[in-house]
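Commentary on secondary and tertiary structure
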Amino acid sequence: MILEGSQEKRHSLTHENVEIRTRRSSALDKEALGLFNTRAFTFLVLWYFFSACTLFLNKYILATLKSDPTLLGAMQMVMTTVFGFIQMYLPLGMYTPVSREGKPPNFWRNMMLVGTMRFSTVVLGLVALKFVAVSFTETVKSSAPLFTVFISNILIGEYTGLYTFLSLIPIMLGLGLCSAYELSFNIQGFLAAIAANLTECLQNVYSKLLISGEKYRYTPAELQFYTSIASIVVQIPACFFMMDLEKVHRTLDITLLSSLLLNGVFFHFQSITAYVLMGYISPVTHSVANTVKRAFLIWLSVILFGNPVTFLSGLGTIIVTFGVLLYTKAKEHDQNLLALKEKYKKEIGDTEILVRQV
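Residues numbered from 1 in each chain as written. Predicted model: local features only at pLDDT ≥ 70, side-chain atom pairs only at ≥ 80, totals over all residues. Heavy atoms only, no water.

Quick note on the threshold: UniProt positions are given in the numbering used here, feature names are shortened, and annotations may be inferred rather than shown by experiment.
Per UniProt, the protein carries the Subcellular location (unreviewed entry) text "Membrane".

**What about the overall build of the protein?**
Using the following cut-off: The way it works is that DSSP assigns letters per residue, a run of H or I at least four long becomes a helix, a run of E at least two long becomes a strand, and they are numbered from the N terminus. Buried residues are those whose accessible area, probed at 1.4 Å on protein chains only, stays under 20% of the maximum for their type, while exposed residues exceed 50% and partly exposed ones sit between those limits. Here, two residues are considered to be in contact whenever any of their heavy atoms come within 4.5 Å of each other. Only the protein chains shown count as cover for residues, with accessible areas throughout obtained via the Shrake-Rupley method and a probe of 1.4 Å.
Check the secondary structure of the protein and you find 13 helices and 0 strands. The linear arrangement of helices and strands in the protein, starting from the amino end, is α-α-α-α-α-α-α-α-α-α-α-α-α. Scored against the burial criterion, the 358 residues of the protein give a buried share of 49%. Expressed as a percentage of contacts within the protein between residues at least 6 apart in sequence, the contacts between residues at least 24 apart total 90%. Accessible surface computed for the protein: about 18,700 Å², of which carbon and sulfur atoms make up 69%.

**Here we look at a nonpolar patch on the surface**
Short version of the rule: For patch detection, residues must exceed 30% relative accessible area and be free of salt bridges, and they are connected within 9 Å for like charges or within 5 Å for nonpolar side chains (Val, Leu, Ile, Met, Phe, Trp, Tyr). Take a side-chain nitrogen of Lys or Arg and a carboxyl oxygen of Asp or Glu: if they are within 4 Å of each other, that pair is a salt bridge.
A cluster of nonpolar side chains, contributed by Val 78, Val 82, Phe 85, Ile 86, Tyr 89, Leu 90 and Leu 92, occupies part of the molecular surface with about 700 Å² of accessible area. Along the chain, Ile 86 falls in helix H3 (residues 69–89). Assessed through its relative accessible area of 42%, Ile 86 is described here as partly exposed.

**Points about the nonpolar core**
For clarity, the threshold we go by: Think of a nonpolar core as a cluster: buried Ala, Val, Leu, Ile, Met, Phe, Trp, Tyr and Cys residues, connected wherever their side-chain atoms sit within 4.5 Å.
Judged by nonpolar contacts, the single largest core of 61 residues is most densely connected at Trp 47, Ile 61, Met 94, Met 111, Leu 210, Leu 223 and Leu 260. Broken down by secondary-structure element, the contributors of at least two residues to this core are helix H2 (38–64), H3, helix H4 (107–131), helix H8 (187–211), helix H9 (220–242), helix H11 (254–278) and helix H12 (283–305). By residue number, the principal contributor to this core is H2, which donates 13 residues. When neighbours within four sequence positions are excluded, Leu 260 is seen to be in contact with Ile 61, Leu 71, Leu 72, Met 75 and Leu 252. Listed in part, the 7 residues of the second largest apolar core include Val 149, Leu 168, Met 172 and Val 288.

**Things to note about the UniProt feature "transmembrane region" (unreviewed entry) in the protein**
UniProt annotation of "transmembrane region" (unreviewed entry) refers to residues 40–58, 70–90, 110–132, 144–166, 254–277 and 297–327 when read in the numbering used here. A helix fraction of 100% and a strand fraction of 0% characterise residues 40–58, whose end C-alpha atoms lie 26 Å from each other. The span residues 144–166 carries 74% helix and 0% strand; its end-to-end C-alpha distance comes to 14 Å.

**Points about the side chain of Asn 110**
For the record, the criterion: Any N or O atom pair separated by 3.5 Å or less is treated as a polar contact, with the protein-specific requirement of one donor-capable and one acceptor-capable atom, and with residues adjacent in sequence counted only for side-chain atom pairs.
Among the secondary structure elements, Asn 110 is positioned in helix H4. At a separation of 2.7 Å, a polar atom in the side chain of Asn 110 contacts the side chain of Tyr 206.

**Looking at unusual backbone geometry**
Notably, Lys 66 is not glycine yet its phi reads approximately 55°, a positive angle. As for its placement among the helices and strands, Lys 66 is situated in the loop between H2 and H3. Relative accessible area serves as the criterion here: at 49%, Lys 66 is assigned to the partly exposed category.

**Observations concerning the environment of Gly 316**
Turning to its location among the elements, Gly 316 is positioned in helix H13 (residues 311–357). Judged by relative accessible area, Gly 316 falls into the buried class, the value being 0%. Between the C-alpha atom of Gly 316 and that of Pro 170, which follows or precedes it by 146 residues, the distance is 9.0 Å.

Okay, here's the thing in structure tokens:
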């Protein structure tokens, strides 16, 4: 009986290890294809679209309707919690639902961490948007790939080769030039933009860690819903101290309320498409895609609002495009180099074993 129980336990552990290895291999295969995967590219386009809707509506609510940034951030979190709960039961083709037996270890700790980072990123970004131009905040955030490289290396041990690292420079430089025509400096806006940049990079890398977990892999809807709940918990005391209640009472009308609700819907779909995309690409690639998205949003604002375009803006766009192509080739080259190194180490190890046996 004891022997049978021991054999069953070993069989169960072996089966579990095989499942973990299969999931890990599947995740690596998806990441190897990256944005060449049709679904990944589709969610990239959706992410760009909903990000544009959210950003321009943010600016309209803050600049034209004179709403409080904390109220806008709170409404976004409330709406994404409601829609996140619905989407856990209606995936809408975004992910494959999985059955759960209880919560994983440190579940609420992880949710509180990501939720706090989500809320901080939203509010800091809105504060920055209140004090400085859209293009200035995007210029500051152009350093995101650099932050992500270091954070990914520390948190998940992701290898970034020399050529990949160097290819990030023209991407960041290009985005800076794209924004050069409308630079405006304000110390409050600048500090808020830097802080939002850092918290967003931390949030993305940590979310990737949870979505790509080995034993317990969170679905995008789960991560969206539970982190939104945690974010609301953080919001309650923050709103008490930060929200200008008198201003909220003075400005709140049917136009503002409907704008806040619509903005919340856009924000939800912006967030969940970003989480879905995260399952297909690495954090650094996600950060590069985010940088390209910012350049796209700057040019979209130029087209929609008729902002003046300078030579530097056009040059910046060309450099960003070139940088992204360079990044793709550099990443492929560095991955090939890493594979050769691993193969060489394995051959050396096999040779040493043969020598010992002789």
